[in-house]
Structure formats: C-alpha cells, structure tokens
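Coordinate analysis (summary)
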Amino acid sequence: MEPLTEKYRPKALDEVVGQPENIETIKKLLEKRESQQIPSLLLYGGAGLGKSATAEAIANEINAELSKFNASSEGKKETAKEKIVPALRNAWRPKVVVIEEADGLSGHAQMSLKEDISQNQSTKAILILITNHIDKIVDPIKSRCMPFEYEPIETKQIKQHLEHIAKKEDLDSDLNGEIQKIAKRADGDIRKAINQLDRETLIDDDKTKETAKQIFGE
Ligand SMILES: Nc1ncnc2c1ncn2[C@@H]1O[C@H](COP(=O)(O)OP(=O)(O)O)[C@@H](O)[C@H]1O
Ligand SMILES: [Mg+2]
C-alpha cells in the first residue's frame, strides 16, 4: 500500500497547502515565462513544508522534464560540474533541474554553479535549489537566486488537509478527535501529520475489523 504522503503528494501548485505567498509568486513567474527568463529559485525552511512538492508541481505545470539531484550524496565539486552543470546546459525542451539538500554541496561545488545560475538565458532549464539549512548556502549563490522561505504550516490548515484526506480515504471524519491532536502535535510539519494519520488509519482499520468480528463473528 502506498503511503498517504505519496498518494496525496501535490501535483499542481494549487494543491500545495499553507504557502500562499510563495505559490502566488511562483505562479506569476510561470505566467511570464514566455517573455522573461525564470530566475533560479532557492526554496528553504524546515522539513515537510512542501518544498520538494513545489518543485515537482512546477515541472508538472509547465510540462517540463524533471531532473533531480541530491547534493548530500553528490557533494563533490566534480559532481556539480560533471552532472548538474551539463543537465542545465543541455536543455532543449523545458526542464526543471532540482538540487535537493543543496547545503550538502561544498562551498566550492556551490560556486561551480554560479555561472549557470546567473546567466541561464540560453537554456530552457529552471534551476531549483532546496535546503533546510539556508545558512550553509554561500552568499554569492544566495544573492543570485530568488528566495522563497517555507514557513511552518498553521495547525488549522494541517487539520483541514487531514480531514480532506480522511474523507477521500473513507475514514471516520475526525477519527474520534485524533485529527485535531495530530495536527497540533505536528508543529507545522504537514508531512509528519500525514504520516501520523497513516498510522492512525491502521489502528482505525483494526478497530473496524474488531467491531466487525463482534457483530459478524470470526
Ligand atoms: N505544503 C504542503 N501541502 C500539501 N502536502 C504537503 C505539503 N508539504 C508537504 N506535504 C506532504 O509531505 C510530503 C513531503 O513533502 P515535501 O515537499 O518533500 O516537503 P519538504 O521538501 O518541504 O521537506 C508530500 O508528498 C506531501 O504528501
Ligand atoms: Mg523534500
């Protein structure tokens, strides 16, 4: 069974919960993309707030190829030069190049992207850097990207999203008050909340089976 976080992964920008300003700005950038080059984007903030989902939704919305790198496993300067830079330059059709955990790139490796971040007029690639540690991104890179800070998501919005999922999954609408508790405990991290809901659904399943057993026998 697919985890709920995967099943309910936002496919469009409008499905990203709780980041209205970021999403509005990104939509405007995409609208203008015929006349204006889209800058490199830097998405930063805590875990489970929709940064990766936003990058994927961008690719979906403009029908772009998605090319993903994880910098924590590709931290060497050579990797940036040998893999990421070619991916950016050889884009003949719309392409979104995402660097997850961009802070994993050494300062040197980050700098080897500098040229491609500032002058990507000649390419159809959009570069998106994602990090939970903005302080580890070197200034020359930071200053060349358009920054988007992802804030913890309000409990109320997490609750609404969990209710939406619960409804789609044919679950009891508030899981005996658990949804409110899960939303609160998640502390702004919506992925954590969805994972917790996933766990509760198993328990809920058991309860249902238990009740069925009592009614219908084994
Ligand atoms: N803002 C959001 N709106 C809806 N779902 C979200 C959001 N943020 C995270 N999620 C859920 O959590 C999963 C992981 O999100 P992700 O975008 O990878 O978070 P981040 O990159 O900020 O750590 C998604 O697949 C989705 O199910
Ligand atoms: Mg992510």
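Nothing here was measured: the structure is a model prediction, and the numbers come from that model.

Quick word on the pattern of salt bridges
Within this structure, the stated rule accounts for 12 salt bridges. Between lysine 142 and aspartate 139 there is a salt bridge, with the nearest N and O atoms lying 3.5 Å from each other. Of this pair, lysine 142 and aspartate 139 are both found in helix H7 (residues 139-142), 3 residues apart, which corresponds to roughly one turn of the helix. A residue is classified by how much of its surface remains accessible, and lysine 142, at 29% relative accessible area, is partly exposed. Here glutamate 178 makes a salt bridge to lysine 181, at a shortest N to O gap of 3.4 Å. You can see glutamate 178 and its partner lysine 181 sitting in helix H9 (residues 178-185), 3 residues apart, about one turn around the helix. With a relative accessible area of 44%, lysine 181 lands in the partly exposed category.

Examining the site of ligand 1
Near ligand 1 there are 19 residues, and of these Thr5, Arg9, Gly48, Lys51 and Ala53 occur at the shortest range. In the environment of ligand 1, a nitrogen atom lies 2.8 Å from a nitrogen or oxygen atom belonging to the backbone of valine 17. Glycine 50 has a polar backbone atom sitting 2.8 Å from a nitrogen atom of ligand 1. In this structure, the shell around ligand 1 is formed jointly by two domains, domain 1 (4-150) and domain 2 (155-216), each of which donates at least three residues.

Section: the sheet that holds strand S2 (residues 65-70)
Strands sit in the order S2-S3-S4-S1-S5 across an open sheet of 5 strands; the sheet is parallel. Only two strands of the sheet have a single neighbouring strand rather than two, namely S2 and strand S5 (146-150). The sheet shows a mean angle of 20° between the axes of neighbouring strands, taken without regard to direction. With 5 bridges connecting them, strand S1 (residues 41-45) and S5 associate as parallel partners. Counted as the bridge partner of tyrosine 44 is glutamate 149 from S5. Against the sheet, helix H2 (residues 20-31) makes contact with S1 and S5, and its axis sits at roughly 150° relative to S5, the strand it touches most.

The rules we used
- Residues numbered from 1 in each chain as written.
- Chains lettered and ligands numbered in written order.
- Predicted model: local features only at pLDDT ≥ 70, side-chain atom pairs only at ≥ 80, totals over all residues.
- Heavy atoms only, no water.
- Salt bridge = Lys/Arg side-chain N within 4 Å of Asp/Glu carboxyl O.
- Helix = DSSP H or I, 4+ residues; strand = E, 2+ residues; numbered from the N terminus.
- Buried < 20%, exposed > 50% of the residue type's maximum accessible area, 1.4 Å probe, protein only.
- Near = heavy atom within 4 Å.
- Polar contact = N/O pair within 3.5 Å; in protein donor to acceptor, adjacent residues only side chain to side chain.
- Domains from an automatic or database assignment.
- Pairing = 2+ DSSP bridges.
- Axes fitted to C-alpha atoms, helices over the stretch in contact; angles between N-to-C directions.
- Contact = heavy atoms within 4.5 Å.

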